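# Examining the three-dimensional arrangement
Each chain is listed here by its residues.
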Amino acid sequence: MPLAVAGRLAKLAAMTLLPALVLPLPDAEATARLGQTLAPMLRPGDVLLLEGPIGAGKTHFARALIQTRQAAAGVPREDVPSPSFTLIQTYQAGDAEIWHADLFRLSAPEETDELGLTDAFDAAICLVEWPERLGHDAPTNALHLRFAYAGEGRTVVLAAQGARWAPVLGALGQRFAQGAG
Ligand SMILES: Nc1ncnc2c1ncn2[C@@H]1O[C@H](COP(=O)(O)OP(=O)(O)OP(=O)(O)O)[C@@H](O)[C@H]1O
Ligand SMILES: [Mg+2]
């Protein structure tokens, strides 16, 4: 195969997100349980891009994740309001800082820098609602969670590229299934 073609193919493969895990979320409790299950598996530098329409459960998921992480760190559990007006809320959970962002009202991708979010992507655990607003500034090594309506409930597709997420998704799928029922 000519080198140029191979190079283009490799680039295409790197851009393609493999849908790695599809989970049914029949009720709000299931969405919370997903956040609780994923919480202990994260470390600073992990970015979760929470995609999906209004009311899909992005904040509900983030709240459960943050509160679980705080409980595990032995710090008082905080309310986790939707950051739709503040754009960013930050939390301390032991050694890890957690940034919860809702970029629906972001006026330009350049604002990401001003908010400090670009630095936080490297240093904190970041949960980002409406990540489409990031444009090309979205980190390529992030885990995508795509929430969608399904009848009265929701489904979520988790997808990523890179070596970081394959083992996490494998373990998450198992633990989430074990907790069901
Ligand atoms: N799996 C589910 N099945 C049914 N209801 C759910 C599920 N997950 C969350 N919900 C409910 O959906 C409602 C909206 O959730 P939430 O505020 O988290 O949405 P959101 O995606 O953050 O919306 P926005 O884009 O406006 O920020 C909440 O009342 C929540 O309890
Ligand atoms: Mg929200």
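To be clear, the structure that these remarks concern was listed above.
The notes below deal with the structure included here. As the structure is a computational prediction, the values presented were derived from the model and not from experiment.

## Some remarks on the overall build of the protein
Helices and strands together make up the secondary structure of the protein, namely six helices and seven strands. When the elements of the protein are put in sequence order from the N terminus, they spell out α-β-α-β-α-β-β-α-α-β-β-β-α. Along the three orthogonal principal directions, the C-alpha set of the protein runs to about 60 × 40 × 35 Å. Classification of the 181 residues of the protein by burial places 38% in the buried group. In the protein, the share of contacts with a sequence separation of at least 24, taken over all contacts with a separation of at least 6, comes to 66%.

## Comments concerning the environment of glycine 45
In this structure, glycine 45 sits in the loop between helix H2 (28–38) and strand S2 (47–51). Distance from glycine 45 to isoleucine 125, taken between C-alpha atoms, is 5.7 Å for residues 80 residues apart in sequence.

## Things to note about the site of ligand 1
By nearness alone, 19 residues border ligand 1, and Thr31, Gly57, Lys58, Thr59 and His60 come closest of all. Looking at the shell around ligand 1, the elements that each hand over two or more residues are H2, helix H3 (58–73) and strand S7 (153–160).

## Comments concerning the environment of glycine 57
Within the secondary structure, glycine 57 sits in the loop between S2 and H3. The buried category is assigned to glycine 57, around which 24 C-beta atoms lie within 10 Å. Beyond its immediate chain neighbours, meaning those up to four positions away, glycine 57 contacts Leu25, Thr31, Phe147 and Arg154.

## Considering the packing of H2 against helix H6 (residues 165–179)
At a minimum axis distance of 10 Å, the contact between H2 and H6 shows a crossing angle of 130°. The angle between the axes of H2 and H6 places the two elements in the oblique class. Here H2 runs over H6; the crossing is right-handed. Of the residues in H6, those touching H2 at Arg33, Leu34, Thr37 and Leu38 are Leu172, Arg175, Phe176 and Gly179.

## Overview of the packing of H2 against H3
Running from N to C, H2 and H3 point in directions that differ by 40°, and their axes come no closer than 7 Å. Considering the angle they form, H2 stands oblique to H3. Classified by chirality, the crossing of H3 by H2 is right-handed. Listed contacts from H3 to Ala28, Thr31, Ala32, Leu34, Gly35, Gln36 and Leu38 of H2 are His60, Phe61, Ala62, Ala64, Leu65 and Thr68.

Criteria and thresholds
- Residues numbered from 1 in each chain as written.
- Chains lettered and ligands numbered in written order.
- Predicted model: local features only at pLDDT ≥ 70, side-chain atom pairs only at ≥ 80, totals over all residues.
- Helix = DSSP H or I, 4+ residues; strand = E, 2+ residues; numbered from the N terminus.
- Buried ≥ 20, exposed ≤ 12 C-beta atoms within 10 Å, placed from the backbone.
- Contact = placed C-beta atoms within 7 Å.
- Near = placed C-beta within 6 Å.
- Axes fitted to C-alpha atoms, helices over the stretch in contact; angles between N-to-C directions.
- Parallel < 35°, antiparallel > 145°, perpendicular 65-115°, else oblique.
- Left-handed = near helix turned anticlockwise from the far one by under 90°.

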